[in-house]
Number of protein chains: 2
Amino acid sequence: MCSRPEPPLRHVAVVGGTHGNEMSGVYLARYWLRAPGELQRPSFSAVPMLANPVATAACRRYVDCDLNRAFTSAFLTARAHPDDPYEVTRARELNQLLGPKASGQAFDFVLDLHNTTAGMGACLIAESAHDVFAMHLCRHLQLQSPELPSRVFLYQLPGEESYSVHSVAKSGLGLELGPQPQGVLRADLLVRMRALVAAALDFIQLFNQGTAFPAFEMEAYRKVSSVDFPRTETGDLAGTVHPQLQDRDFEPLRPGAPIFQMCSGKDVLYEGESTVYPVFINEAAYYEKGIAFLQTEKLTFSVPALPGLAPAPSPAP
Amino acid sequence: MCSRPEPPLRHVAVVGGTHGNEMSGVYLARYWLRAPGELQRPSFSAVPMLANPVATAACRRYVDCDLNRAFTSAFLTARAHPDDPYEVTRARELNQLLGPKASGQAFDFVLDLHNTTAGMGACLIAESAHDVFAMHLCRHLQLQSPELPSRVFLYQLPGEESYSVHSVAKSGLGLELGPQPQGVLRADLLVRMRALVAAALDFIQLFNQGTAFPAFEMEAYRKVSSVDFPRTETGDLAGTVHPQLQDRDFEPLRPGAPIFQMCSGKDVLYEGESTVYPVFINEAAYYEKGIAFLQTEKLTFSVPALPGLAPAPSPAP
C-alpha cells in the first residue's frame, strides 16, 4: 500500500474465501453476493467478493499456492504463462479488479475475512502502524465491543514487500477470527465477524460524512519471527505445542517457559532472552510452512488524529 | 466382522492416519513405527500402522475417496484396475495385511485412531452391540477414567454392510477424539488417546492372561439417521448449526429445539417426534457428505460375561 485512500472513500470491497476452507468469510461472501443490501451505506457501496472460488469449491486453503502471499510485484508484473499456478493467475485478476496495486485507480479499502485454528479471538491484521486510516478503523472496532478484545497485529517485517490480498488497495485490513477448524462454520464466530464488518463499514460512512477522529495511543503486536515445531530427521513432527502454550495467544511467553512437549514426554523450553507474545499458536495451515507459532513484540505508539472532511455530497438520486 | 477373535488374541494392530488430517493417530502411528516398544505386551505384540500414507503426506482426509468407507466386499473383491481410486487399492492392501475380512486369517483386533472437529470428547465406535469382546473393552476403557466420559457409539445400521478399516479384523474399535481441527495436533487430546490405547492393550493382555469379565449393563448411542444443513438452490450452506446445538454432542435434542440458524437470522427447529442424541455435530469432513449431525438413540442393554481363559503360555524365550 503505497498510496492512501482519497477521502471520501468510494470503492470498498469485502472479501471472503481468500483461503477456501476458512468458512466464516466464505459463507458471508456467498450470502452477500445473493443479498448485497447488507453492505450498503449512504456514501458508498461495498462490493462482496469470493477471492478464490476454485479453492473454495474444493474446501481447501489453496489449490496451487497461497493466494494471500501472491500479491508481490514479481507475480503481478510477470508475463502470464499457461503453467502459472492458479492462485498467481487469480492474483492478477484480483489486481485488475481491486487495484492495480499502488495506483490511483486502486480500491480505497479492502476488508479481507479470515479464520484461524488458533485461539486468537478477533484479530485485526494490518501491514504496519503507518496506515493511519487502518489504525483508526481498528480503534473504532475495539471501542465497539470493549468486552471482547480485538487485538491489532502488524504482520509486515521492515523491508519486506507486502503480499496480501488487501495490499492491492490503498488501505485495508484483515479480520482474523478463531478458533475455528478449517472447513467448519461456527455460528458464534459468524455473528462476531458479521458485526465487525458492519462496524467497519459504519466507520467508513462516518469518515465520509465528515467525522473527525482524535489522536490516541494504540497497543499492537508486531511480528518478530516464527518458531517451527520440533521435527524428526525426516521432517515429521517430533513434538506438539505444549499444553501451557496452547490457546494462550497474545499472552506473554517468558524465557524458560515450556513451548513444546516431545512424544518422549520431555518438555522443550523457550530459550529467548526476552518476553514475547506468541500468536497463531498451532494454526493448521502453518504446519507446512514450518511455523508452530509467530513471536511478536507488544508495542504502544501514538496514532495522529484523522481530521474531519467536508461532508460528502449525497449521491445523485 | 463375521468371525470372533480366537482367544488368546495374538494379532493386534493399532492404526493411525486412516484419515490423513486427523493428527493424533497420524502422530502416534509415526512415533510407534520409530519406537514400537510402547505397544508391546507379554502375551502379544501390537503392530503400528499408517493406513493412508498418501493422504497423510498431503494432510488431507483422503486423496480419491474415503478409505474408511472402502472395506466393502464390492471394493475388496473386484478385479484391480489401474484407474481404481487410490483408497480402493489401499483398502485391498490393508485387507491383505490385516485380513482377509471375515476369514480365519484376519487379525484378532484392530484399533483405529480418529479425530473429529465435533465436541465429542472420547467416543468408542463399534459396529454393533453384538461384538461382545469390543463391548467389554469399551467397559474397561470407561472404568479407567470415570471422570472423563468415553461414550459408546454403534454406527452400523441394520442390514448395512460393514465398511470401516477395523471391520477387516475379527474384532475392532474406532477411537474418536475431539474437538480437534483437521491438520492440528493438540497435546491434551494426544495424551488422552495414548492413555486409551495403552488401556486397550492392557485389557487384551488381561484377557489373554485368563481374566474373566462379568456381565454388565451398557449404555450406548446407536445411529438412526443423518441431518443435512439447510442449503441454497446451488447447494451452498444457507445456515449453520445453531449455537444452542453446537458442542452439545450426546445431549438430548427435544422436538421444537433450534438446530440451525439461517443467515437471515431465522431459527430452524427440530421437527422430529421424539428426543434424539446428536453426535458428530459440525464435523468438518461431513459437510461434503451432506451431514450436519447424526441422530442417535440412547440404548441400555445387557452384555454377557466374558469367561476367563486358561492362562496363555509364555512366549518362548
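- By the naming in an unreviewed UniProt entry, chain A goes by Aspartoacylase and is assigned to Myotis davidii.
- What the UniProt record of chain A gives under Function (unreviewed entry) is the line "Catalyzes the deacetylation of N-acetylaspartic acid (NAA) to produce acetate and L-aspartate. NAA occurs in high concentration in brain and its hydrolysis NAA plays a significant part in the maintenance of intact white matter. In other tissues it acts as a scavenger of NAA from body fluids."

1. Structural notes on the pairing of strand β2 (residues 45–50) of chain B
All names here are of chain B.
Thinking step 1. Here strand β1 (residues 11–16) pairs with β2 via six bridges, running parallel. The partner of His11 across the bridge, within β2, is Ser45.
Thinking step 2. The parallel pair β1 and β2, bridged by helix α1 (residues 23–34), forms a crossover whose chirality is right-handed.

2. A few points about the sheet that holds strand β6 (residues 171–178) of chain B
Strands pair in a sheet through their backbones, by hydrogen bonds, and they do so in one of two ways: parallel or antiparallel.
Residue and element names in this part refer to chain B.
Thinking step 1. Reading across from one edge, β2-β1-β3-β6-β4-β5-β7-β12-β11 is the order of the nine strands in this open sheet, with mixed pairing throughout. This sheet does not close on itself; its edge strands, each paired only once, are β2 and β11 (277–279). Ignoring which end each strand starts from, the neighbouring axes of this sheet average 30° apart.
Thinking step 2. With seven bridges connecting them, strand β3 (residues 109–115) and β6 associate as parallel partners. What sits directly across from Phe109, in β6, is Ser171.
Thinking step 3. Packing against the sheet, helix α5 (residues 132–144) makes contact with β3, β4 (121–126), β5 (150–154), β6, β7 (216–227) and β12 (293–303), and its axis sits at approximately 35° to β6.
Thinking step 4. Of the strands in this sheet, β1, β2, β3, β4, β5 and β6 touch helix α6 (residues 187–208), which is tilted by about 160° from β6.

3. Description of the interface of chain A and chain B
Thinking step 1. Taken together, the contact pairs 34 residues of chain A with 34 residues of chain B.
Thinking step 2. On inspection of chain A and its partner chain B, the count reaches four salt bridges.
Thinking step 3. Here Asp247(B) ties to Arg186(A) by a salt bridge, and the two come within 2.8 Å at their closest N and O atoms.
Thinking step 4. At the junction of chain A and chain B, the tally comes to 16 residue pairs in polar contact (both at pLDDT 80 or more).
Thinking step 5. Secondary structure elements with two or more residues in the side of chain A that touches chain B: α1 (23–34), α6 (187–208), β8 (239–241) and β9 (258–262) of chain A.
Thinking step 6. At five residues, the largest contribution of residues to the side of chain A that touches chain B is made by α1(A).
Thinking step 7. Classifying every residue of the side of chain A that touches chain B by side-chain character gives 17 nonpolar, ten polar and seven charged.

Conventions and cut-offs
- Residues numbered from 1 in each chain as written.
- Chains lettered and ligands numbered in written order.
- Predicted model: local features only at pLDDT ≥ 70, side-chain atom pairs only at ≥ 80, totals over all residues.
- Heavy atoms only, no water.
- UniProt positions renumbered as here; feature names shortened; annotations may be inferred.
- Pairing = 2+ DSSP bridges.
- Helix = DSSP H or I, 4+ residues; strand = E, 2+ residues; numbered from the N terminus.
- Right-handed = clockwise from strand over helix to strand, strands pointing away.
- Axes fitted to C-alpha atoms, helices over the stretch in contact; angles between N-to-C directions.
- Contact = heavy atoms within 4.5 Å.
- Salt bridge = Lys/Arg side-chain N within 4 Å of Asp/Glu carboxyl O.
- Polar contact = N/O pair within 3.5 Å; in protein donor to acceptor, adjacent residues only side chain to side chain.
- Nonpolar A, V, L, I, M, F, W, Y, C, P; charged D, E, K, R; others polar.

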